[in-house]
Amino acid sequence: MAEFKIRTYNNIAIAGLERFPRDRYEVASEIQHPDAIILRSHNLHDEPLPETVKAIGRAGAGVNNIPVAECSRRGIVVFNTPGANANAVKELVIAAMLLAARNICQGWDYVRHLEGDDHQIHKQVEAGKKRFAGFELAGKMLGVVGLGAIGVRVANKALALGMNVSGYDPYVTVERAWQLSSSVIQASSLDELLGICDFVTLHMPLTDQTRGCIDQGRLASMKDGAVLLNFSRGGLVDEAAVLAALDAGKLHAYVTDFPTNALKRHPKAICLPHLGASTREAEENCAVMVADQLRDFLENGNIRHSVNFPEAVMTRAPGTTRLSIPHANVPAMVSQISACLGEKGINIVELLNKSRGEIAYTLIDAEGEVGEDVVDAIRTIDGVLAARRIP
Ligand SMILES: NC(=O)C1=CN([C@@H]2O[C@H](COP(=O)(O)OP(=O)(O)OC[C@H]3O[C@@H](n4cnc5c(N)ncnc54)[C@H](O)[C@@H]3O)[C@@H](O)[C@H]2O)C=CC1
Ligand SMILES: O=C(O)C(=O)COP(=O)(O)O
């Protein structure tokens, strides 16, 4: 029987699924009692999470489809794959700016509907093209909201295309700030950025804080004829306000990866079927990265790239049994856990304790007879969210 069971949702690249050795892992979409879940955009909010789940791996960036708060309460570690699909999104955003600026979709549609022989088509092409005259990217101001893996890449590439770039991110990390070209102008607020840009592209996550942040008032503060690009999540914008801004000519175009009925019908909205991360390269990068992270967690308790737990990586001490213990970040947890071990005559060889906000995580390599009774005792400690013994 397999040691670990992984339930899959969505189309996960084979290269990632192959990272799970079949002698130790059962990997399938129908698994009843999974140790871990691997998914892309499948919405996990509306279904119960099996009691057996210890980890969830998002092969991608956004985790708004995962009940992260509930996972934290239950000691379930949620992983994503920072940066693994960022180049794919960046390339599509550059394409999207060109689609909007040169009215490519409208022009393409015009030609597809032309009738007559080639001579007549040629005449209609030359007569009709003035309707689709556009503008160039060079010299225009691009505003990038959210300077993470994608935003930084978009900002740097836009500079290379001769654009001026302004960026806004109140939580930008030191790592991303280093990657960002020094030519990017720092905006001190979203409103400041919106007022000066010809193109605005959204690259922040959808959270309670960011939901609907591009609303009627903010759209009104944008430059006339600006282009809004949303390859992040539909919920970041007030859709009715965007449609009104398109109708009023306030926005030249809205390009989005998140269509709705109203948007797909609008002549100035360019809608794509959530294609940002759908390249062979990105799908493989994400699947391989998330599979490796899940394996290291299931087999060693190590945590890399979690969205709700701290980074926690410890080399395994030879001849020991490992304990993986997610718990609340409150005083006296480590002392209570080590007391449990001490009572059973078990010696701690290595210990790692990390915290992140209200959550903490302890890894212990112990020598001696570490049985399930010890794990059960640890589970009863107030504040311990889960406990696992890894032989
Ligand atoms: N269309 C598609 O297929 C894809 C869409 N996405 C979406 O793009 C988002 C960003 O992806 P990554 O760049 O990889 O994530 P990331 O985590 O590297 O970057 C997100 C950035 O947004 C910033 N941020 C958070 N709140 C903000 C706020 N209120 N205002 C401005 N910035 C804020 C963060 O500080 C961070 O730097 C994801 O959360 C996801 O929703 C990601 C990949 C593919
Ligand atoms: O990584 C993300 O956040 C994405 O939106 C990509 O979604 P997908 O993996 O293509 O369903």
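Per chain, the residues get numbers from 1 upward, laid out in the order the sequence is written. Think of it this way: whatever chain is written first is A, whatever ligand is written first is 1, and the rest follow in order. Predicted model: local features are reported for residues with pLDDT of at least 70 only, side-chain atom pairs are reported and counted for 80 or more only, and whole-chain, interface and lining totals are derived from all residues. Remark: hydrogens and water are excluded; side-chain values derive from all non-hydrogen atoms of the structure.

Draft legend 1. Up close: helix α6 (residues 149-160). Between the first and last C-alpha of α6 there are 17 Å, a value that for 12 residues agrees with the 16 Å anticipated at 1.5 Å per step. Relative accessibility under 20% of the residue-type maximum defines a buried residue, over 50% an exposed one, and the middle range a partly exposed one, all with a 1.4 Å probe and only protein chains included. Going along the chain from the N terminus, every DSSP run of H or I of four or more residues is numbered as a helix, and every run of E of two or more is numbered as a strand. Among all positions in α6, only Ala149, Ile150, Gly151, Val152, Val154, Ala155 and Ala158 are buried. Its buried side turned inward, α6 meets α3 (86-101), β6 (141-145), β7 (164-168), α7 (174-179) and β9 (199-202). Where α6 terminates, the next one or two residues include Gly162, which has phi positive at roughly 90°. Here the expected span of a helix is defined as 1.5 Å times the quantity of residues minus one. A contact between two residues is defined here by any heavy atoms of the two lying within 4.5 Å.

Draft legend 2. Highlighting the confidence of the model for the protein. pLDDT is a residue-level measure of predictor confidence that goes from 0 to 100. Put simply, the protein has an average pLDDT of 97, and 100% of its residues get 70 or more. For this predicted complex, the interface confidence score (ipTM) comes to 0.99, while the overall pTM stands at 0.97.

Draft legend 3. Layout of the nonpolar core. Core analysis: the largest hydrophobic core is formed by 32 residues, its most contacted members being Met97, Leu142, Phe199, Leu229, Phe231 and Val255. The set of elements that each furnish at least two residues to this core consists of α3, β6, α6, β10 (226-230) and β11 (251-256). At 10 residues, the largest contribution of residues to this core is made by α3. Ignoring any residue separated from it by four or fewer positions in sequence, one finds Leu142 in contact with Met97, Val154, Ala158, Met163, Asn164, Val165, Ser166, Cys197, Phe199, Val200 and Thr201. We call a set of buried residues a nonpolar core when its members are Ala, Val, Leu, Ile, Met, Phe, Trp, Tyr or Cys and they connect through side-chain atoms within 4.5 Å of each other.

Draft legend 4. Representation of the site of ligand 2 within the structure. Nearness of a residue to a molecule or strand requires only that one of the residue's heavy atoms be within 4 Å of it. Near ligand 2 you find Arg40, Ser41, Arg58, Ala59, Gly60, Ala61, Gly62, Asn85, Arg233, His274 and Ala277, and these make up its full shell. Pairing of N or O atoms within 3.5 Å defines a polar contact, subject to two protein rules: one partner must be a possible hydrogen donor and the other a possible acceptor, and residues neighboring in sequence count only if both atoms are side-chain atoms. Ser41 places a polar side-chain atom, nitrogen or oxygen, 2.5 Å from an oxygen atom of ligand 2. Here an oxygen atom of ligand 2 and a side-chain polar atom of Asn85 are 2.9 Å apart.

Draft legend 5. Structural context of the pairing of strand β3 (residues 36-39). Every second residue of β3 is oriented toward a common face, with Ala36 and Ile38 on one face and Ile37 and Leu39 on the other, all of them buried. Looking at chain direction, strand β1 (residues 4-8) and β3 are connected through three bridges and run parallel. Paired with Ile6 across the bridge in β3 is Ala36. Here β3 pairs with strand β4 (residues 55-58) via four bridges, running parallel. Looking at the pairing, Leu39 lines up with Arg58 of β4. Strand pairing requires that DSSP identify at least two bridges connecting the strands.

Draft legend 6. Molecular detail of the sheet that holds strand β15 (residues 359-367). One open sheet accounts for four strands, arranged β14-β15-β13-β16; its pairing is antiparallel. In this open sheet, the two edge strands, each paired with only one partner strand, are β14 (347-356) and β16 (388-390). Averaged over all neighbouring strand pairs, the angle between strand axes comes to 20°, with direction disregarded. Bridge count for strand β13 (residues 321-328) against β16 is three bridges, and the pairing is antiparallel. Paired with Ser324 across the strands is Arg388, a residue of β16. Here an angle of 0 to 180 degrees is reported between the N-to-C directions of two axes, which are lines fitted to C-alpha atoms, with helices fitted over the stretch in contact. Packing against the sheet, helix α12 (residues 280-300) makes contact with β13, β15 and β16, and its axis sits at approximately 95° to β16.

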